Amino acid sequence: MPLPSQSSLKAFRAALLDFVDDPFHMPISESVRYFPDGLLVIEDGKVKALGDYDRIHAHYPNVPVTRYSDKLILPGFIDLHLHFPQTEIIAAFGEQLLEWLNKYTFPAESKFKNREYAQTIAQFFIQELLRNGTTTAVVLATVHPESVDAFFEESNRLNLRMIAGKVMMDRNAPDFLTDTAASSYQESKQLIEKWHHHQRSLYAVTPRFAPTSTREQLQAAGELLREFPDIYLHTHLSENVDEVAWVKDLFPECDGYVDVYDRAGLVGDRSIFAHGVQLTEAEFQRLSEAGSAIAYCPTSNLFLGSGLFNLERVKSPSSPIKLGLATDVGGGTSFSMFQTAGAAYKIAQLRQQKLTSFQAMYLSTWGGARALSLEDQLGNFEPGKEADFIVVDFKSTPLMSLRNQAAIASLEDLADRLFSLVIMGDDRAIQATYILGELAYEKDSTLKKP
């Protein structure tokens, strides 16, 4: 049997970990795939093969191998919800959601009509994602089309798989940030035609949240979803008690917050709803039957005092809801998915529940891909998938080096090692970030320019 052509192949040797099923619902032995000494083979930006080094290397003996000793290769992190225009207001003191928007968020977002400013922040924001191992994200821009252009131009330059959209907001916001139902429809349609499926970019219709959109604007968003069936809907839902009460006052004819979106045709299997802290049982049921996804934002939910997310209900075996983790910068307090997972663990503890390290990493990788209906393209190392991955250092700080001296001899040992990352890890634990098999970021270096 002839050996495969070696010319366009490259390989990476390290411990390899990914997920092939949901560890919330399946035994670890059936959901976790781990190779202590593994080889990941890439061809033309996609996974060609993976497995134990000795077995795989025998089939590709002349492929150049990059070795990361004592490191772990994971699929790139997937962040289900964050705001690139809020990068500079992260850690803004002292308010809950509605007051925070008026005091900090809206003034910051007013700057993004300036294309040059939007480009500067987009470049910084994307560098922070890569530095933290995030290779795909669902991103809100501002009401200004220029902000969307700036974001996608930068993500396209680096060939990233990103989802983003222009905020739609025609009431209950400053005049300098509002559009209209008609203008938001037209501008969003132009942006969809410009950016959706351009390279690896995907578009999300993005009404900010129900209180800042009229019924007419929500209907316009629904019309866009009907015209372009493979785009996403991305918005906020049931984050804060006062917000939920406000929605009830603004939409008295509706039977709850989810119903506001449902009546506009916005609840479907490509809908991403951030937060979901205050959902009722009937609303959980509706999101489950619709195949919608929730972006779980633990650091933001804590920072803005929104509440403790009901993770156990969302992952209910009888009526589960698609779920991924989200940093929600700048209400969220870190770009790091490790820090985000650590906050999720602590919230589970407060609810007398448990979130294992395998479950946390699943939500950050293949769980996020499944929430976005992208599981056939990315999120694990199945051959044919896009080769976005990260190299993780278990000993990235003196304390973690002390903590993680023992060898990994079992999946139980691996779970413990991963848990140390969930609790203590941050951007320093990301040794390198690869996009389609090409180095995009390396620790102690700068962002790699194509």
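For the structure, see preceding data.
What this report covers is the structure whose coordinates are included nearby.

### Some words on helix H4 (residues 115-131)
Turning to step 1, where the next piece is worked out: Here H4 is 17 residues long and its end C-alpha atoms lie 24 Å apart, about the 24 Å a rise of 1.5 Å per residue gives.
Turning to step 2, where the next piece is worked out: Taken residue by residue, H4 has Ala118, Ile121, Ala122, Phe125, Ile126, Glu128, Leu129 and Leu130 as its buried positions.
Turning to step 3, where the next piece is worked out: In this structure, the buried side of H4 is in contact with strand S5 (77-83), strand S6 (134-140), helix H5 (145-157), strand S7 (162-165), strand S15 (430-435) and strand S16 (438-442).
Turning to step 4, where the next piece is worked out: Phi turns positive one or two residues past the end of H4, at Gly133, with a value near 85°.

### Focus: the pattern of salt bridges
Turning to step 1, where the next piece is worked out: Overall, the coordinates contain 31 salt bridges when judged by the stated rule.
Turning to step 2, where the next piece is worked out: The partner of Lys10 in a salt bridge is Glu438, and the shortest N-O contact between them spans 2.7 Å. Note that Lys10 is positioned in strand S1 (residues 9-19) and Glu438 in strand S16, a separation of 428 residues in sequence.
Turning to step 3, where the next piece is worked out: Lys10 sits in the partly exposed class, given a relative accessible area of 24%.
Turning to step 4, where the next piece is worked out: One network of salt bridges, in which partners are shared, links Arg161, Arg200, Glu386 and Asp388.

### Observations concerning the packing of helix H6 (residues 181-195) against helix H7 (residues 215-227)
Turning to step 1, where the next piece is worked out: One way to put it is that H6 packs onto H7 with a least axis distance of 9 Å and a crossing angle of 25°. Judged by the angle between their axes, H6 and H7 are roughly parallel. Between H6 and H7 the crossing geometry is right-handed. Listed contacts from H7 to Ala181, Ser184, Tyr185, Ser188, Lys189 and Ile192 of H6 are Glu216, Gln217, Ala220, Glu223, Leu224 and Glu227.
Turning to step 2, where the next piece is worked out: By residue class, the composition of the contact of H6 with H7 is 5 nonpolar, 3 polar and 4 charged.

### Quick notes on the packing of aromatic side chains
Turning to step 1, where the next piece is worked out: Applying the stated criterion across every chain yields a total of 20 aromatic pairs.
Turning to step 2, where the next piece is worked out: These aromatic residues form a ring-pair network of at least three members: Phe84, Phe112, Tyr117, Phe125, Phe151, Phe152, Trp195 and Phe335.
Turning to step 3, where the next piece is worked out: If you follow Arg13 out to its NZ or CZ, it ends over the ring of Tyr53, 3.6 Å from the centre.
Turning to step 4, where the next piece is worked out: The ring of Phe394 has Arg417 sitting right over it, with the charged end atom 5.2 Å from the ring centre.

### Things to note about the sheet that holds strand S14 (residues 389-393)
Turning to step 1, where the next piece is worked out: Here we have 7 strands laid out as an open sheet, ordered S3-S2-S1-S4-S14-S15-S16, and mixed in their pairing. The open sheet has two edge strands, strand S3 (46-52) and S16, and neither has a second partner. If you compare each strand with its neighbour and ignore which way they point, the axes differ by 35° on average.
Turning to step 2, where the next piece is worked out: Two strands pair when backbone bridges link them, and S1 and strand S2 (residues 32-43) are joined in this way by 10 bridges, in the antiparallel orientation. Across the sheet, residue Lys10 finds its bridge partner in S2, namely Ile42.

### Quick word on the pairing of S6
Turning to step 1, where the next piece is worked out: Of all 7 residues in S6, 7 are buried, a share of seventy percent or more.
Turning to step 2, where the next piece is worked out: In the sheet, S5 pairs with S6 via 5 bridges, with the strands oriented parallel. When the sheet's bridge partners are listed, Ile78 is paired in S6 with Thr136.
Turning to step 3, where the next piece is worked out: Of the strand pairs in this sheet, S6 and S7 are connected by 3 bridges, and their pairing is parallel. Bridging from a neighbouring strand, Val139 pairs with Ala164 of S7.

Procedures and definitions
Residues numbered from 1 in each chain as written. Predicted model: local features only at pLDDT ≥ 70, side-chain atom pairs only at ≥ 80, totals over all residues. Heavy atoms only, no water. Helix = DSSP H or I, 4+ residues; strand = E, 2+ residues; numbered from the N terminus. Expected span 1.5 Å × (residues − 1). Buried < 20%, exposed > 50% of the residue type's maximum accessible area, 1.4 Å probe, protein only. Contact = heavy atoms within 4.5 Å. Salt bridge = Lys/Arg side-chain N within 4 Å of Asp/Glu carboxyl O. Axes fitted to C-alpha atoms, helices over the stretch in contact; angles between N-to-C directions. Parallel < 35°, antiparallel > 145°, perpendicular 65-115°, else oblique. Left-handed = near helix turned anticlockwise from the far one by under 90°. Nonpolar A, V, L, I, M, F, W, Y, C, P; charged D, E, K, R; others polar. Phe/Tyr/Trp six-rings, centres within 6.5 Å; stacked < 30°, edge-to-face > 60°. Lys NZ or Arg CZ within 6 Å of the ring centre and 35° of its normal. Pairing = 2+ DSSP bridges.

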